Amino acid sequence: MRRLRNGWRDTALAGLAAAALGLGLALGAAAPAGAEGGPSYVGSTGVGVHNAYEKAKYPYFADALDSGAAMLELDVWTNFFGSSWRVSHDNPFGNNSNCENATSPAQLRTKSRDQNLAGCLSDIRSWHDAHPGHRPVVLKLELKDGFAANLGRGPADLDALLTAKLGDAVYRPGQLAAGYPDLDTAARAGAWPSRAAMAGKFLIELIPGTVEEGNAADTLWTDREYATYLRTLASTGRLGSAAAFPAVHRAEAGDPRARYADASLRPWFVVFDGDASAYAGGSIDTGWYDRNHYLLIATDAQNVAPAIDAVHPTETQALDRLALMAGHHASIASADWYPLPKVLATVVPRG
């Protein structure tokens, strides 16, 4: 499913300038000003890695964090077949991951792997502590079978875990919505921080999982459940405790939030996640996402015609694809290009 160490201010900035020149993109073009000045976080396009927890891609999750990627994906299971939040692609019973539960930077790449989400988050925090001011990173969590609040794995439980493990390293919905009634109003007002202000931060994206979406008996998917939770928190003055952003999953023309019959949930979605080929196909006005300052995650970027290799394209092919998706207003172009660290570390202007 579903190495650059000092972020935007060092190698990334040089990579951005080089990419902008090489790809004919004007640095800062069409990028809304960030709340603190400088290029806005949502005015850029980076590269994501699909299923970055897999050991065949990175021996340790710390290696994935070192890769320079703008987004890293984790698959999470919550059902009664096992305990805790399990990290695995297709095993609902246990963990199959490159996470090791390092509790300090010195422990990274020293411990047993196959740890759960708490272990992955410990690795992330340890890496974060060793790399102050690192590039902003989207942590995409696909909840394979959805939340399981009855088992202690609901939205509030996830927030508690994210807060306990990552603390102030998380960029939260309440930070975006500060001074605004909801996330949508804040995003459209251009309230996202600058990239410089996002240094050292992780943004948590939640999408419904493949098992959840294929389960006819499941009528409360991750996206709607977490958005409902955000709405409740906001109504009681507790939005600041929320740690994640729910995403509208799968590409559609128009405003995909129209699928939610309860219109009061729609303002709690400012992240959209779908197939890159659909976004690049011409039937979707992707400029709408950019104009409203929404995050747009474009998956399987390698499949956009003409398709390129899913793992080993040339650097030129991958950079051209990044430029293409930036032109289609994607915030993240996601693929399996883990062997290409120069590509993963490249950030270009969006639009």
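What you see is a predicted model; the values in this text were computed from it and never measured.

Cut-off values and rules
Residues numbered from 1 in each chain as written. Predicted model: local features only at pLDDT ≥ 70, side-chain atom pairs only at ≥ 80, totals over all residues. Heavy atoms only, no water. Helix = DSSP H or I, 4+ residues; strand = E, 2+ residues; numbered from the N terminus. Expected span 1.5 Å × (residues − 1). Contact = heavy atoms within 4.5 Å. Buried < 20%, exposed > 50% of the residue type's maximum accessible area, 1.4 Å probe, protein only. Pairing = 2+ DSSP bridges. Phe/Tyr/Trp six-rings, centres within 6.5 Å; stacked < 30°, edge-to-face > 60°. Lys NZ or Arg CZ within 6 Å of the ring centre and 35° of its normal. 1 Å grid on protein atoms, 1.4 Å probe; cavity = no way out; pocket = protein on both sides within 12 Å on 5 of 7 lines; lining within 4 Å. Points joined across faces, edges and corners; volume = space filled by probe spheres on them. Nonpolar A, V, L, I, M, F, W, Y, C, P; charged D, E, K, R; others polar. Disulfide = S-S within 2.5 Å. Axes fitted to C-alpha atoms, helices over the stretch in contact; angles between N-to-C directions. Left-handed = near helix turned anticlockwise from the far one by under 90°. Salt bridge = Lys/Arg side-chain N within 4 Å of Asp/Glu carboxyl O.

Section: helix α4 (residues 155-166)
Line of reasoning, step 1. Taking 1.5 Å as the rise per residue, α4 with 12 residues should run 16 Å; its terminal C-alpha atoms sit 16 Å apart, in good agreement.
Line of reasoning, step 2. At its buried positions, α4 is contacted by α3 (117-130), β4 (137-143), β5 (202-208), α8 (222-235) and β6 (244-249).
Line of reasoning, step 3. Gly167 lies just past α4 and shows a positive phi near 55°.

Observations regarding the pairing of β6
Line of reasoning, step 1. Burial runs high along β6: 6 of the 6 residues are buried.
Line of reasoning, step 2. Neither face of β6 is open: one carries Ala244, Pro246 and Val248, the other Phe245, Ala247 and His249, and all of them are buried.
Line of reasoning, step 3. Pairing analysis gives 3 bridges linking β5 to β6, with the strands arranged parallel. Directly across from Glu205, in β6, lies its bridge partner Phe245.
Line of reasoning, step 4. Note: β6 against strand β7 (residues 271-275), 3 bridges, orientation parallel. When the sheet's bridge partners are listed, His249 is paired in β7 with Asp273.

Regarding the packing of aromatic side chains
The relative placement of two aromatic rings is captured by the distance of their centres and the angle of their planes.
Line of reasoning, step 1. Under the definition given, this model contains 17 aromatic pairs.
Line of reasoning, step 2. With a centroid separation of 4.9 Å and 80° between ring planes, the pair formed by Trp288 and Tyr289 is classed as edge-to-face.
Line of reasoning, step 3. Within the aromatic cluster, the residues linked to one another by ring pairs are Phe272, Tyr279, Trp288, Tyr289 and Tyr294.
Line of reasoning, step 4. The ring centre of Tyr60 lies 5.4 Å from the NZ or CZ of Arg113, which sits over that ring.

Looking at the layout of surface pockets
Line of reasoning, step 1. Its boundaries defined by the atoms lining it, the largest pocket holds a volume of some 200 Å³.
Line of reasoning, step 2. Lining the largest pocket are 14 residues, with Asn79, Phe80, Asp145, Phe147 and Ala148 sitting closest to its centre.
Line of reasoning, step 3. Looking at the lining of the largest pocket residue by residue, the class counts come to 9 nonpolar, 3 polar and 2 charged.

A short note on the state of the cysteines
Line of reasoning, step 1. Scanning the entire structure with this criterion turns up 1 disulfide.
Line of reasoning, step 2. Each sulfur in the disulfide pair Cys99 and Cys120 lies 2.0 Å from the other. Every disulfide takes its handedness from the sign of the S-S torsion; for Cys99 and Cys120 that torsion is 95°, giving right-handed. Of this pair, Cys99 sits in the loop between β3 (86-87) and α3 while Cys120 sits in helix α3, and the two are 21 residues apart along the sequence. The same class applies to Cys99 and to Cys120, which are both buried.

Topic: the packing of α3 against α4
Line of reasoning, step 1. Relative to each other, α3 and α4 sit at 35°, their axes nearing to 9 Å. Where α3 crosses over α4, the two elements pack in a sense that is right-handed. Counting all contacts with α3, which are made through Leu117, Ala118, Leu121, Ser122, Ile124 and Arg125, the residues of α4 involved are Leu158, Leu161, Leu162, Lys165 and Leu166.
Line of reasoning, step 2. A breakdown of the residues in the contact of α3 with α4 according to their chemical character gives 8 nonpolar, 1 polar and 2 charged.

Thoughts on the pattern of salt bridges
Line of reasoning, step 1. By the definition in use, this model includes 18 salt bridges.
Line of reasoning, step 2. With a closest N to O distance of 3.1 Å, Arg125 and Asp168 form a salt bridge. Of this pair, Arg125 sits in helix α3 while Asp168 sits in the loop between α4 and α5 (173-177), and the two are 43 residues apart along the sequence.
Line of reasoning, step 3. A salt bridge links Asp255 to Arg257; its shortest N-O distance comes to 3.0 Å.
Line of reasoning, step 4. Accessibility expressed as a relative area gives 4% for Arg257, which makes it buried.
Line of reasoning, step 5. Among the charged side chains, a salt-bridge network with shared partners connects Asp184, Arg188, Asp255 and Arg257.

Quick look at the environment of Lys57
Line of reasoning, step 1. Topologically, Lys57 is positioned in the loop between β1 (44-49) and α2 (61-66).
Line of reasoning, step 2. Relative accessible area serves as the criterion here: at 13%, Lys57 is assigned to the buried category.
Line of reasoning, step 3. Sequence separation between Lys57 and Trp337 is 280 residues; the distance between their C-alpha atoms is 9.4 Å.
Line of reasoning, step 4. Discounting chain neighbours no more than four positions away, the residues touching Lys57 are His50, Asn51, Asp336 and Tyr338.

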